[in-house]
Structures are given as C-alpha cells and as structure tokens.
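Chains, contacts and geometry: an overview
Read off the chains here:
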Amino acid sequence: MTTPTFTIPQSDPSLSPRQSLPTMYDLPSDNPLEPGLPDEFHLLQPQLLLLTFQPPNWEPELVFSAADLNLYYDVRHPQWYKRPDWFGVVGVPRLYDGHDLRLSYVIWQEGVSPAIVVELLSPGTENQDLGEELRQPEEPPTKWTVYEQILQVPYYVVFSRYTNQLQAFELVDGHYQPVTLVEGRLPIPQLELSLGLWQGSYRGIERLWLRWLTLEGELIPLADEELIVAKQEVSAAKQEASAAKQEASVAKQEASVAKQRAEQLAARLRELGIDPETIPQIDF
C-alpha cells in the first residue's frame, strides 16, 4: 500500500507562512493509513466519560472503563482487535487480576463484555461507526458486527461533535435497534445511570459534551465540581451561622431593653407607693 501524498500549494511571498500554508483544516489529523486516531476532542470527551462513569449499584472496585484501549474479541484470531473511543464494563476488577493496570482488554481472559461502547464520529470513520461499511474478504469483521454479534454489547452509542447528534442503539434479540431518547438522554436502568448531552465547560472548553448522569438527569459530579459545591456549602453554613449570631445578638439586646423597661416601671411604681411584687400577673 502506498502512502498518500499531499500537495502543498506554492506560497505567496507577500503572505506569512500562517497565511499561505495549509491550516489544520486542510491537513488530516488522522494517519491516512489508520483513520480514527485521536484529535484533541477524542482525548477530552472520553476522559469526561471515564471520570463520570460511576454506577451507584456497583462497587468502584468492580467497574472498569477505558479510552482508546485495544479490545481483543476473538480467541480464534487473537491478533484481531477494535479500539473503541470509550467503553465501560461492570463486574470485572478495576485492576487486572486485582493488581495490575491493563495494557489491553482481552475478552477471553476477562470473561465479561462491555456494558456500553461509545464511538465519536469523525469523517474518516463514520461509515464504520454506523455499521454502513461492508466487510471486505479476508479482513476482520466491522466494528458494528463485533459489538453487536460477537461481544453482544447491550448498548452502543455514537456521537458527532460536528452535528451534536447523539444516536443510541440497544441490543434486542441479537440485533441493534435505535433507542428513543428520554428528554435527550439514554436511560440505562441496569447501571442506574443515563447518558446525555450537557452544555458546560470542561477543561476550560465550553461546548456540548456527552456526559453520564443519574437516571433522573442529575449530573454525576467531577471532583472539582464537588469541591466547588463543598465550598459553597461551607460558605452558606458560615452565612447561616453569622445570621443566627446576629439574631441572637438582637434578641439579647431586646431582652436587655425589656429588662431595663421593667426595672424603670418597677421604680416608678415604688415612687407611687405601690409594691410591684403585689401586682397580680394577667394571663392573656
């Protein structure tokens, strides 16, 4: 196979290199011989998914997720693999054999298929990700075939950052069926989570992100978000304590004024020859 070449236009001497040479929009971010290699979005988006994938009905020690990690799926062809942009598994140790970081995910060693796979669409891999690419003779099966028929992954999600379109598929009777989103989210009761789009800032980038939420649609917080909430709660508690202290001070002042008035009234009664102690109290 020959390596594709790219023609660089003749530069205009009157223009700077930034103005005259190809930009990142003109040059591919992918290796032409291996499309789908990550751009910056392919690094940040899976990271956000990994950090918020926290199924509440599973102990953290039995939850594993990864981005851009080789997934080996066929014991008859041990060199064949797919590399999902992100996938999550429950029911396996967080560490391989309980003590080591994974170099890859080998299905015949792990014994558990992913619960969900996410692919991020890019122009070079869109047909593969959506199952529209046919298998060529003597080549490994397509992504769609591997996820649907070999691994039988219960949920398969594709997301395009170019159109902000989220598409979800659920395995029904051995085949993927499109899922109708609920308020823009994919509920997964088995994980007690939902997957949806969130408009917000992650790593200083404001955009629409794919993110894990509760079944009710509440955000699964990141560590820095939890810290912000904790600081807000501490600040609110301090304000409440300050307000309570001020209220107590006001109440103390009012009690002091009332006592002074009572003493002044008692003194006046004595001047009039009336013993305050002999005045009966009136119940209202």
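Residues numbered from 1 in each chain as written. Predicted model: local features only at pLDDT ≥ 70, side-chain atom pairs only at ≥ 80, totals over all residues. Heavy atoms only, no water.

Before going further, it helps to examine the nonpolar core. The nonpolar side chains of a soluble globular protein tend to be buried, and buried together. Counting residues in hydrophobic clusters, the biggest one holds 28 residues, and the most contacted among them are Phe53, Ile116, Val118, Val157, Leu195, Leu210 and Trp212. Among the nonpolar cores identified, the runner-up in size contains 23 residues, and Phe87, Val117, Leu151 and Phe169 belong to it. (Core = buried A, V, L, I, M, F, W, Y, C linked by side-chain atoms within 4.5 Å. Buried < 20%, exposed > 50% of the residue type's maximum accessible area, 1.4 Å probe, protein only.)

On to the side chain of Arg207. Within the secondary structure, Arg207 is located in strand E12 (residues 205-214). For the buried Arg207, which has no salt bridge, the nearest side chain bearing the opposite charge is Glu206, at an N-O separation of 9.3 Å. Each residue touching Arg207, except ones within four places of it in the same chain, is listed here: Phe41, Phe159, Arg161, Asn164, Trp198, Gln199 and Gly200. (Helix = DSSP H or I, 4+ residues; strand = E, 2+ residues; numbered from the N terminus. Lys, Arg positive; Asp, Glu negative; His and termini not counted. Salt bridge = Lys/Arg side-chain N within 4 Å of Asp/Glu carboxyl O. Contact = heavy atoms within 4.5 Å.)

In this model, Gln152 sits at a positive phi of 50 degrees, which is unusual for a non-glycine residue. Within the fold, Gln152 resides in the loop between helix H5 (143-150) and strand E7 (155-160). The class for Gln152 is partly exposed, based on a relative accessible area of 47%.

Along its 13 residues, helix H2 (residues 40-52) runs 19 Å from first to last C-alpha, staying within 8% of the 18 Å computed at 1.5 Å per residue. For H2, the complete set of buried residues consists of Phe41, His42, Leu44, Gln45, Pro46, Leu48, Leu49 and Thr52. In the core, the buried residues of H2 are packed alongside strand E4 (86-90), strand E6 (116-120), E7, strand E11 (193-202) and E12. Capping the start of H2, Asp39 holds a side-chain oxygen 3.2 Å from the backbone nitrogen of Phe41, two or three residues further along. (Expected span 1.5 Å × (residues − 1). Polar contact = N/O pair within 3.5 Å; in protein donor to acceptor, adjacent residues only side chain to side chain.)

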